[in-house]
Amino acid sequence: MQKCKMVSNGVLEFVREDDYIEYYLFPRLEAAENSQNEELNEILVQVEGVSEAFCRGYIWHRDAFRVRARPGNAHLLIDHQGQTPGDVESLPAHLYGISHYGDNIEDEWFIVALLYELTRQIPGLVVRTVDGDGEFLLIEVANHLPNWANPDTCHQCVFIADGALHLIRNDAEDTPRAVTESVTQIRSDLSRHRVSNEIENSILRRTGSYPARIAENLHRATAYVPVGVAALLRHKPTLIASAIREFCSRDAVDMKVCRAMRFFPPENRVYTRITFTKCLYAMLMHSSYTPDRRTGWNLPNSSSKSFPSHSLGMKIACGFEILASQAKPEADFNTNRHWIKYVESLREKGYFQDFLEGSKDHTRLIDAAKDYYRTNIIDLRENTLTGQQLLDDLKSIDLSIDEFKKLEPSLPPNDDESWLNIAPEELDKMLQDRYGDSAAQVNGDCEDIAGKLSEFLAQKSSAEGVEVESTTPPIRPQRGVKKAKGKVQFASTAAEDTVDFDPDAFQSHVKNLLDLVIPEDKWDDSNSDMSDYGDDTEIDRNIDEMNIVKTETNLDVYMKQMDKELAKTTIGESFEKKTPSADDAFDDIEDFTPVDIDLNTLKNMMESYQAQLGSPGPASNLLGSMGVRLKPPGPNQNTQE
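(A) Molecular detail of the overall build of the protein chain. Along the backbone of the protein chain there are 24 helices and 14 strands. Here the protein chain holds 641 residues, and 39% of them are scored as buried. The long-range fraction of contacts in the protein chain, counting pairs at least 24 apart against all pairs at least 6 apart in sequence, stands at 75%. Accessible surface, the protein chain: about 37,000 Å² in total, of which carbon and sulfur atoms supply 50%.

Structure below.
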């Protein structure tokens, strides 16, 4: 029964939406295990103080950063690599939090910056954080990871401590490293597992300028809104996020609500200055909506100077109206859309097992899910305020129209909106700065491109892709004796990790196995030589002579049939030929000009790249894999030049 309870709790915690970031804060606790609650609560107060100062002025898109105390061995860590929810690990006492960032990925990186700051200000604090993709910090720095790093060796091994990122290699690929063990190792030696400067700089590019960068992500504009909306936003500016989210995700039921405008009628409107995040403002500007004229929206002509503020205010008011229409007690689970979606997820994960709906066991599981939903989901979502709370605030604040009218003449102009439009050149520069390698750029030198292609084809390849040689020596695991699961294991050396492989011998064995040995010095009898298809009789005679060389296979029959078909065409003449030279090995053969392989390959690739018109495609992807970056083709550019 206890095991079943653990699995059920695991399912409850395992079911969540994809747009989340989860964080575990492990403080250094000096008290005994049975008396750590008081010390843990003191750390919680300290974390809340640091986060409040760090997040001042920040508008969360959906959920704010928030943690709660978890006593040791009372909660379970869910595996993020596809294992069943029952595969869990008991953790020491820690602080836990989860935030859903919705459409604004910047919230996730802001939380990472906050976690870095917390480890700087709280000695001994070690943090682990993951999101719906797993170890997202490693995804960000994938280009700088050591050779041994892969999802098997790095799972559950990434931590933040002392304001830096730490990476521990997982020795047993089939079993994730215990979090408790990793935290202890990092805390004992903060320099041993610290990542390289390249990895740290990649993270700092996303997080390093916070909290100073908060103001850069804000946009301020004037909107013509009902006085109730203006008063609510002055009382709590962060409500703008909830209103815009509801408006942009409106459904047919919400559209009916917007036609009534029961709580925020458009009759009493005022001009007020509203602060958005750039993400919220862009969402609102690109969401089209034409209101019902019978509601009272008298929008000016779209060419009028006052139209942007009227249209902006109308959309914001509709968002608040949708929020207010959802004014129902939180305990009313039957009409709670988020709860209904959560139950469907539980059912897909097998939480209810085979119990019939309405049975005693099914009811028990439903009650447990409701308790978990109230404690861990509703309480953690600070920005998803219910409509009832919104109406309660509306009753308690001042709705003086005259006060807002007095402030209208002194409202500053709107912020510049040029950031909404990005020119193609600016986008290319952004992508180049983030993903490109300026040292590997090639802009039209055919010899360089052909050389790059030859180097690319000469590299090793596996099921995971081409293995690009790195100038940085790989980080090897520490040599010595390691203990794991009660037995002694010896760390392998670099020589032991190397697998000898002779590609030529392997190719020869495969050819012999398939009976595809090609006869030597039979250039004119080659199965697929298309250098000269002018004489059908000569080609047929050559094909017949092939029978005395070896026994025919299915492939031989196919190739002969293909040669006969191609002999009737002039496709052989379409290839670019080499200029004959005195050193040519075929100078004794009459009327033979060898095909220029490099020139034909380059020509075909350039024609494919030109056909893409600067868009993504096979040619640009292949060139990018070789480290070649070409300038986008111009309108009059010719690949034949």
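Picking up where we left off.
(B) View of helix α12 (residues 307-325). Under the 1.5 Å per step criterion, the end-to-end length of α12 is 27 Å for 19 residues, consistent within 8% with the ideal 27 Å. Along α12, 16 of the 19 residues are buried, which leaves the element largely enclosed by surrounding structure.

(C) The arrangement of the side chain of D107 in detail. Counting through the fold element by element, D107 comes out in helix α3 (residues 106-121). Despite its burial, D107 pairs with no opposite charge; the closest candidate is R245, at 8.0 Å N-O. Of the polar contacts made by the side chain of D107, one reaches the backbone nitrogen of H61; its length is 2.8 Å. For D107, the residues in contact, after removing those within four places along its chain, are Y58, I59, W60, H61, R62 and Y101.

(D) Summary view of the environment of D415. With respect to the element layout, D415 can be found in the loop between α16 (401-407) and α17 (424-435). Setting aside residues no more than four positions away along its own chain, D415 makes contact with L218, H219, R220 and R273. A distance of 2.8 Å separates a polar atom in the side chain of D415 from the backbone nitrogen of R220.

(E) Here's a closer look at the nonpolar core. Residues L25, V47, F65, L115, L118, L137 and L165 are the most contacted members of the largest nonpolar core, which totals 47 residues. At the level of secondary structure, the elements contributing two or more residues to this core comprise β1 (20-26), α2 (37-54), α3, α4 (136-140), β7 (158-161), β8 (164-167) and α7 (197-207). In terms of residues, this core owes the most to one element, α3, which gives nine residues. The next biggest cluster of nonpolar side chains, apart from the first, holds 42 residues, and it includes I244, Y281, Y289 and I316.

(F) Representation of the packing of α2 against α3 in the model. In the contact formed by α2 and α3, the axes pass within 10 Å of each other and the chain directions differ by 130°. The angle between α2 and α3 falls in the class oblique. The interaxial crossing formed by α2 with α3 has right-handed handedness. Of α3, the residues touching α2 (which contributes Q46, V47, V50, S51 and F54) are F110, A113, L114, E117, L118 and Q121. Residues belonging to the contact of α2 with α3 are distributed by class as follows: seven nonpolar, three polar and one charged.

(G) Molecular detail of the side chain of S287. Along the chain, the position of S287 falls in the loop between α11 (278-285) and α12. In terms of polar contacts, S287 uses its side chain to reach the side chain of R250, at 3.3 Å.

(H) Main features of a nonpolar patch on the surface. A cluster of nonpolar residues, I422, L427, M430 and L431, forms a patch on the protein surface that exposes about 360 Å² of accessible area. The residue M430 is located in helix α17 in this model.

(I) Geometry of unusual backbone geometry. Put simply, Y210 and P211 share a cis peptide bond, and its omega is 5°. For P211, the position within the fold is in the loop between α7 and β9 (218-226). Its identity as a non-glycine residue notwithstanding, Q156 has a phi of 65°, on the positive side. Position of Q156 among the secondary structure elements: in the loop between α5 (151-154) and β7. With a relative accessible area of 6%, Q156 lands in the buried category.

(J) Expanded view of the pattern of salt bridges. With the rule as written, the count across this model stands at 11 salt bridges. The partner of R120 in a salt bridge is E117, and the shortest N-O contact between them spans 3.1 Å. Residue R120 and its partner E117 are located together in helix α3, separated by three residues, close to a single helical turn. Accessibility expressed as a relative area gives 45% for R120, which makes it partly exposed. For K405, the salt bridge is made with E408, and the minimal N-O distance between the two is 3.9 Å. Exposure remark for K405: the relative accessible area of 37% places this residue in the partly exposed category.

Here is what the cut-offs are and how they apply
Residues numbered from 1 in each chain as written. Predicted model: local features only at pLDDT ≥ 70, side-chain atom pairs only at ≥ 80, totals over all residues. Heavy atoms only, no water. Helix = DSSP H or I, 4+ residues; strand = E, 2+ residues; numbered from the N terminus. Buried < 20%, exposed > 50% of the residue type's maximum accessible area, 1.4 Å probe, protein only. Contact = heavy atoms within 4.5 Å. Areas by Shrake-Rupley, 256 points an atom, 1.4 Å probe, with all protein chains shown as cover. Expected span 1.5 Å × (residues − 1). Lys, Arg positive; Asp, Glu negative; His and termini not counted. Salt bridge = Lys/Arg side-chain N within 4 Å of Asp/Glu carboxyl O. Polar contact = N/O pair within 3.5 Å; in protein donor to acceptor, adjacent residues only side chain to side chain. Core = buried A, V, L, I, M, F, W, Y, C linked by side-chain atoms within 4.5 Å. Axes fitted to C-alpha atoms, helices over the stretch in contact; angles between N-to-C directions. Parallel < 35°, antiparallel > 145°, perpendicular 65-115°, else oblique. Left-handed = near helix turned anticlockwise from the far one by under 90°. Nonpolar A, V, L, I, M, F, W, Y, C, P; charged D, E, K, R; others polar. Patch = residues over 30% accessible without salt bridge, like charges linked within 9 Å, V, L, I, M, F, W, Y side chains within 5 Å.

Worth remembering: the numbers are spatial, not functional.
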